[in-house]
Amino acid sequence: MIGDPDGPVVVLSPHLDDAVLSAWSVLTSAPAGGLEVVVVFAGVPAEGTTGRFDPIFGVTDSADLVRRRRAEDVDALGRIGIVPAHLDLLDDQYRTRPVAAAELAEVIGDAVPRASVLVAPAGIGRHPDHVAVRDAALALADRAGTGLWLYADLPYATNLGWPSWVTGAPADPHLVPEAAWARVLGEVADPADLEPVATRFDDEQRAAKLAAARCYVSQWPSLEGGPHARISNPAISSFEVRWGVRRPQGA
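Only a predicted model underlies this, so the values are computations on that prediction, with no experimental measurement involved. (Residues numbered from 1 in each chain as written. Predicted model: local features only at pLDDT ≥ 70, side-chain atom pairs only at ≥ 80, totals over all residues. Heavy atoms only, no water.)

Trainee: Help me out: how do you make sense of the layout of surface pockets in this one?
Mentor: To find leftover empty space, one rolls a probe the size of a water molecule over the atoms. The volume enclosed by the largest pocket comes to roughly 430 Å³. Within the lining of the largest pocket, the residues separate by chemical class into eight nonpolar, six polar and seven charged. (1 Å grid on protein atoms, 1.4 Å probe; cavity = no way out; pocket = protein on both sides within 12 Å on 5 of 7 lines; lining within 4 Å. Points joined across faces, edges and corners; volume = space filled by probe spheres on them. Nonpolar A, V, L, I, M, F, W, Y, C, P; charged D, E, K, R; others polar.)

Given below as structure tokens:
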């Protein structure tokens, strides 16, 4: 059951790339066999569907694209010995109604029979799928009393770069990237109840993460933002951030 201290760390990935992009430090630090990845919105839409964003990726057949993306995710995570669980819920662009957090919590709870810690997106960028997974994880963690970590969603979280407390570089008085995170994080908990952890990758770790990220061939050019190198830029790809969440008693 969720809340089992002997269960694995379970990383919840809204889409077929988020775990690798934003939680690589978690994926590569858990003991062998002690981590699972669940991709929540990995359902294949009906044949003939064209999602509203998919033409950006140079395709009009979204069903075929999602099948390719599932294979890419298997390849990316397979580089570190992880076989992801792909749930059949549809991505926001393919469905006709929002998914309620309570409903989603039940689906995830059924898919995750055991977990010692849940790792979920913080929802920075406010993508509806990321926020829904975050809120479901909060509900599950509260219900089971399990540990919860939230990761900074890439590339959304670094539109302005990383804060100086992450990189160690001198702060720019005219640019405070974490101010853009504050309202979203305030929806989760009081700042005093969020324990930030910044990870700095060495060259080998960074190269391994980028090699896995490039397995998402169909998504890579858009993830990079074309010529902007939003993912591979060393100023971005050398770091990750996550927060441990202390929940009030009886929440």
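Trainee: How should empty space enclosed by the protein be read in this particular structure?
Mentor: Scanning the model with the defined rule gives one cavity of 30 Å³ or more in all. For the largest cavity, the calculated volume is near 50 Å³. Along the walls of the largest cavity sit H15, L16, F41, A42, G43, V66, R69, D91 and Y94, which together make up its complete lining. Here the lining of the largest cavity is composed, by residue class, of five nonpolar, two polar and two charged.

Trainee: Please clarify how the pattern of salt bridges should be interpreted in this entry.
Mentor: Should their charged atoms come close, side chains of opposite charge can pair. By the definition in use, this model includes 14 salt bridges. Here D17 and R69 are joined by a salt bridge, their closest N and O atoms 3.4 Å apart. Of the two residues, D17 is situated in the loop between β1 (9–13) and α1 (18–22) and R69 in helix α3 (residues 62–78); the sequence distance between them amounts to 52 residues. For D17, a relative accessible area of 5% puts it in the buried group. (Salt bridge = Lys/Arg side-chain N within 4 Å of Asp/Glu carboxyl O. Helix = DSSP H or I, 4+ residues; strand = E, 2+ residues; numbered from the N terminus. Buried < 20%, exposed > 50% of the residue type's maximum accessible area, 1.4 Å probe, protein only.)

Trainee: Whenever I open this one, the nonpolar core confuses me. Can you help?
Mentor: Of all hydrophobic cores here, the largest spans 42 residues; its most connected members are L12, L104, I108, I124, L148, W162 and W243. Only β1, α4 (101–111), β4 (117–121), α5 (128–144), β5 (147–151), α7 (179–186) and β7 (239–245) provide two or more residues apiece to this core. If one sorts the elements of this core by residue count, α5 sits on top with seven residues. Residue contacts for L12: discarding those within four places in its chain leaves V38, I108, V119, A120, P121, V133, A137 and Y151. (Core = buried A, V, L, I, M, F, W, Y, C linked by side-chain atoms within 4.5 Å. Contact = heavy atoms within 4.5 Å.)

Trainee: Would you mind going over the packing of aromatic side chains with me for this structure?
Mentor: Two descriptors summarise a pair of aromatic rings, namely the distance from one centre to the other and the angle between the planes of the rings. Tallied over the full model, the rule gives two aromatic pairs. With a centroid separation of 5.5 Å and 90° between ring planes, the pair formed by W181 and W243 is classed as edge-to-face. Pair noted here: W181 is in helix α7 and W243 is in strand β7, with a separation of 62 residues, a long-range link. In this structure W181 comes out as buried when scored by relative accessible area, which is 2%. By relative accessible area, which is 4% here, W243 ends up buried. Site record: aromatic cluster; members linked through ring pairs are W162, W181 and W243. The lysine or arginine in question, R242, covers the ring of W149, its NZ or CZ lying 5.1 Å from the ring centre. (Phe/Tyr/Trp six-rings, centres within 6.5 Å; stacked < 30°, edge-to-face > 60°. Lys NZ or Arg CZ within 6 Å of the ring centre and 35° of its normal.)

Trainee: Where do I start with unusual backbone geometry in this structure?
Mentor: Most peptide bonds adopt trans geometry, and most residues besides glycine take a negative phi value. L154 connects to P155 through a cis peptide bond whose omega is 5°. Within the secondary structure, P155 sits in the loop between β5 and α6 (164–167). Despite not being glycine, R126 shows a phi value in the positive range, around 55°. Mapping R126 onto the fold places it in the loop between β4 and α5. Even without glycine at this site, A229 takes up a positive phi of about 55°. With relative accessibility at 22%, the residue A229 sits in the partly exposed group.

Trainee: Mind showing me how you'd approach the environment of A144 here?
Mentor: Within the secondary structure, A144 is located in helix α5. In this structure the C-alpha to C-alpha distance between A144 and Q205, which are 61 residues apart in sequence, comes to 34 Å. Excluding residues within four positions of it along the chain, A144 makes contact with I2 and G3.

Trainee: I would appreciate a short explanation of the pairing of β5 in the present structure.
Mentor: When a strand is regular, its side chains alternate between the sheet's two faces. Two elements, β4 and β5, share five bridges in a ladder whose sense is parallel. Across the sheet, V119 pairs through a bridge with W149, a residue of β5. In this fold, β4 hands off to α5, which returns the chain to β5; that crossover is right-handed. Of the strand pairs in this sheet, β5 and β7 are connected by three bridges, and their pairing is antiparallel. By the bridge assignment, W149 is partnered in β7 with G244. (Pairing = 2+ DSSP bridges. Right-handed = clockwise from strand over helix to strand, strands pointing away.)

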